[in-house]
Amino acid sequence: MRNETPLDTDVSAYAVRLGDDALVLAQRLAECSSRAPALEEDIALSNIALDLLGQARALLTYAGEIEGARGPGGVPRQGSRSEDDLAYLRSEREFTNCQLVEQPNGDFAVTMARQLFFSAYQLALYRRLVASADATLAGVAAKGVKEVAYHVDHAGGWVVRLGDGTDESHRRVAAAVEQLWPFTHELFEADELTGRLAGAGVGVDSSELAIAWKEHVGGVLSEATLKCPPFGETAGWRPAGGRRGVHTEHLGFLLAEMQHLHRSHPGAKW
Amino acid sequence: MSAGREWPLWEVFVRAKRGLSHNHVGSLHAPDARTALGNARDVYTRRQEGVSIWVVPAAAITASSPDEKDPFFEPAADKVYRHPTFYEVPEGAEHL
């Protein structure tokens, strides 16, 4: 058994980051359950939530395995964290999801615009991650890429339908794009972690995903007769910090709802 | 949503696997064919029920009426010779 290397620590942190994105958005979408505008859409949103939850479970389980398997000196660690420990027993500052996914559902247009922005990013990411030197991350990406392709299609279809629909639906989805756009910049901010992992052939340099994302999302917005806001250097407000555990005020409330059962009744099972 | 602006109804047919025919599994509401297909995927195939889906506008289906039941179906009732099992298989033709 080899010792835990700096790379292992990085891979674990990276898996948590990707897992947190999926977990937080799954929780947000679950809030729509029984409240979507139509029964068919209710099931569609629940399906997307469950796809994301499955990805989150695989990623958080893997992160826990890495940190648990090899402590300093190659000694198996006591008390390694399970997927549940990671999901339910971390505080807000320990979550490293992007701020986009924690934004409230708002109206249906906001929910769909958020989904389009995130899923288009996730699709570009997973398409590259399938070639990762890390077999587990590559496996999660290979499974996820098919799921996410559908999420993008579904959300994109709705954004076009709303944008190119009635005056009211156009007004709402235009407002949703304007509201959420600033949070998309964070998706493409590279940091030391992604830099090291991209160098090792394990992770993806997120800044490289921007071109594919912009092209995809820009195409959808244009079809939806919506204006594509400025991107990159010309953009205005660029909130960020999710990857460092700095979040908007919304995440705390989301975690309170998601975690309270497990914290009140540790180890509770169905 | 007001009653007058309900999405149209679609009938959904799913093929469980290659070689089988599409079977009617239910119906759903959707604003257009593409969305109906997506909704059918979400509502009717999330437990791996199918490999192919058809959606058909319910309005495009012409159905027999319960009032026509007797003239439509009754005459077939006493014609057992239309079933292959009515006939005895001749000797020497075991694998018919």
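Preceding this section is the structure that the text describes.
These notes cover the structure that comes with them. (Residues numbered from 1 in each chain as written. Chains lettered and ligands numbered in written order. Predicted model: local features only at pLDDT ≥ 70, side-chain atom pairs only at ≥ 80, totals over all residues. Heavy atoms only, no water.)

A closer look at the overall build of chain A
What chain A contains, in helices and strands, is 10 helices and zero strands. Along chain A, helices (α) and strands (β) appear in the sequence α-α-α-α-α-α-α-α-α-α when read from the amino end. Across its three principal directions, the C-alpha atoms of chain A cover 65 × 45 × 30 Å. Buried positions account for 54% of the 270 residues belonging to chain A. Counting contacts in chain A only where the partners sit at least 6 residues apart, residues at least 24 apart contribute 79% of the total. Accessible surface, chain A as shown: approximately 12,200 Å² in total, 55% of it carbon and sulfur. Positive and negative side-chain charges in chain A, numbering 26 and 37 respectively, have mean positions lying 2 Å apart. (Helix = DSSP H or I, 4+ residues; strand = E, 2+ residues; numbered from the N terminus. Buried < 20%, exposed > 50% of the residue type's maximum accessible area, 1.4 Å probe, protein only. Contact = heavy atoms within 4.5 Å. Areas by Shrake-Rupley, 256 points an atom, 1.4 Å probe, with all protein chains shown as cover. Lys, Arg positive; Asp, Glu negative; His and termini not counted. Charge placed at Lys NZ, Arg CZ, Asp CG, Glu CD.)

Here's the deal with the overall build of chain B
Of the regular secondary structure elements, chain B holds two helices and three strands. The N-to-C order of helical and strand elements in chain B reads β-β-α-β-α. Taken over the C-alpha trace, chain B has a radius of gyration of 20 Å; the compact-globule value for 96 residues is 12 Å, which it surpasses by more than 25%. Its C-alpha atoms give chain B principal-axis dimensions of about 65 × 35 × 15 Å. (Rg over C-alpha atoms; globule rule 2.2 N^0.38 Å.)

Considerations on the packing of aromatic side chains
Residues and elements named next belong to chain A. Scanning the entire structure with this criterion turns up 15 aromatic pairs over all chains. Their ring planes at 45° and their centres at 5.4 Å tell us that Trp-181 and Trp-213 sit as a pair that is tilted. Here the residue Trp-181 occupies a position in the loop between helix 7 (167-180) and helix 8 (192-199), and Trp-213 occupies one in helix 9 (residues 210-223), the gap between them amounting to 32 residues. Here the two residues Trp-181 and Trp-213 agree in accessibility, since each one is buried. Members of the aromatic cluster, each reached through a chain of ring pairs, are Phe-117, Phe-118, Tyr-121, Trp-181, Phe-188, Trp-213 and Phe-231. Cation over ring: Arg-90 sits above Phe-95, and NZ or CZ is 4.1 Å from the ring centre. Of note, Arg-161 hangs over the ring of Trp-158, and the distance from its end group to the ring centre comes to 4.6 Å. (Phe/Tyr/Trp six-rings, centres within 6.5 Å; stacked < 30°, edge-to-face > 60°. Lys NZ or Arg CZ within 6 Å of the ring centre and 35° of its normal.)

Focus: the interface of chain B and chain A
Contacts between the two partners involve 13 residues from chain B, matched on the other side by 10 residues from chain A. Summed over both sides, the interface of chain B with chain A buries roughly 1,100 Å², with 54% coming from carbon and sulfur. It is Trp7(B), Arg41(B) and Asp42(B) that lose the most area in chain B upon contact with chain A, and together they represent 42% of the buried surface on that side. The interface formed by chain B and chain A contains two salt bridges. Ionic pairing is found between Arg161(A) and Asp32(B), a salt bridge with its closest N-O pair at 3.4 Å. Between chain B and chain A we count six residue pairs in polar contact (both at pLDDT 80 or more) in total. Its residues placed into classes, the side of chain B that touches chain A shows four nonpolar, four polar and five charged. (Buried area = accessible area lost by both parts, 1.4 Å probe. Salt bridge = Lys/Arg side-chain N within 4 Å of Asp/Glu carboxyl O. Polar contact = N/O pair within 3.5 Å; in protein donor to acceptor, adjacent residues only side chain to side chain. Nonpolar A, V, L, I, M, F, W, Y, C, P; charged D, E, K, R; others polar.)

A look at a nonpolar patch on the surface
Together, Val80(B), Tyr81(B), Phe86(B) and Tyr87(B) make up a nonpolar patch on the protein surface, roughly 430 Å² of accessible area in all. Examined against the element boundaries, Val80(B) turns out to sit in the segment after helix 2 (69-73). (Patch = residues over 30% accessible without salt bridge, like charges linked within 9 Å, V, L, I, M, F, W, Y side chains within 5 Å.)

Quick notes on unusual backbone geometry
Its identity is not glycine, yet Thr225(A) carries a phi of approximately 55°, on the positive side. With respect to the secondary-structure elements, Thr225(A) resides in the loop between helix 9 and helix 10 (250-264). For Thr225(A), a relative accessible area of 44% translates into the label partly exposed. Positive phi values are uncommon outside glycine, yet Gln48(B) reaches one of about 60°.

Here's the deal with the pattern of salt bridges
Residues and elements named next belong to chain A. Evaluated as defined, the whole model comprises 17 salt bridges over all chains. Arg-171 serves as the salt-bridge partner of Glu-168, at 3.1 Å between the closest nitrogen and oxygen. Remark: Arg-171 and Glu-168 occur in helix 7; sequence separation between them is three residues, near one turn of the helix. Residue class for Glu-168 comes out partly exposed when judged on its relative accessible area of 37%. A salt bridge links Arg-172 to Glu-168, with the nearest nitrogen and oxygen atoms 2.9 Å apart. Residue Arg-172 and its partner Glu-168 are both found in helix 7; the two are separated by four residues, about one turn of the helix. Owing to a relative accessible area of 37%, Arg-172 belongs among the partly exposed residues under this scheme. Linked by salt bridges that have partners in common, Asp-107, Glu-168, Arg-171 and Arg-172 make up one network.

Structural notes on the sheet that holds strand 2 (residues 22-29) of chain B
All names here are of chain B. Strand order in the open sheet formed by three strands is 2-1-3, and the pairing between neighbours is antiparallel. Each end of this open sheet is capped by a strand with a single partner; those strands are strand 2 and strand 3 (52-57). The sheet shows a mean angle of 25° between the axes of neighbouring strands, taken without regard to direction. Bridging between strand 1 (residues 9-15) and strand 3 involves six bridges; their strand directions are antiparallel. Bridge assignment links Arg-15 to a residue of strand 3, and that residue is Ser-52. In this fold helix 1 (residues 33-44) packs onto strand 1, strand 2 and strand 3, with an angle of close to 110° to the strand it touches most, strand 2. (Pairing = 2+ DSSP bridges. Axes fitted to C-alpha atoms, helices over the stretch in contact; angles between N-to-C directions.)

Considerations on the side chain of Arg28(A)
Residue and element names in this part refer to chain A. Mapping Arg-28 onto the fold places it in helix 1 (residues 6-30). Here Glu-31 takes part through its side chain, which lies 2.8 Å from a polar atom of the side chain of Arg-28. Beyond its immediate chain neighbours, meaning those up to four positions away, Arg-28 contacts Val-101, Glu-102, Gln-103, Pro-104, Asn-105, Arg-114, His-250 and Leu-254.

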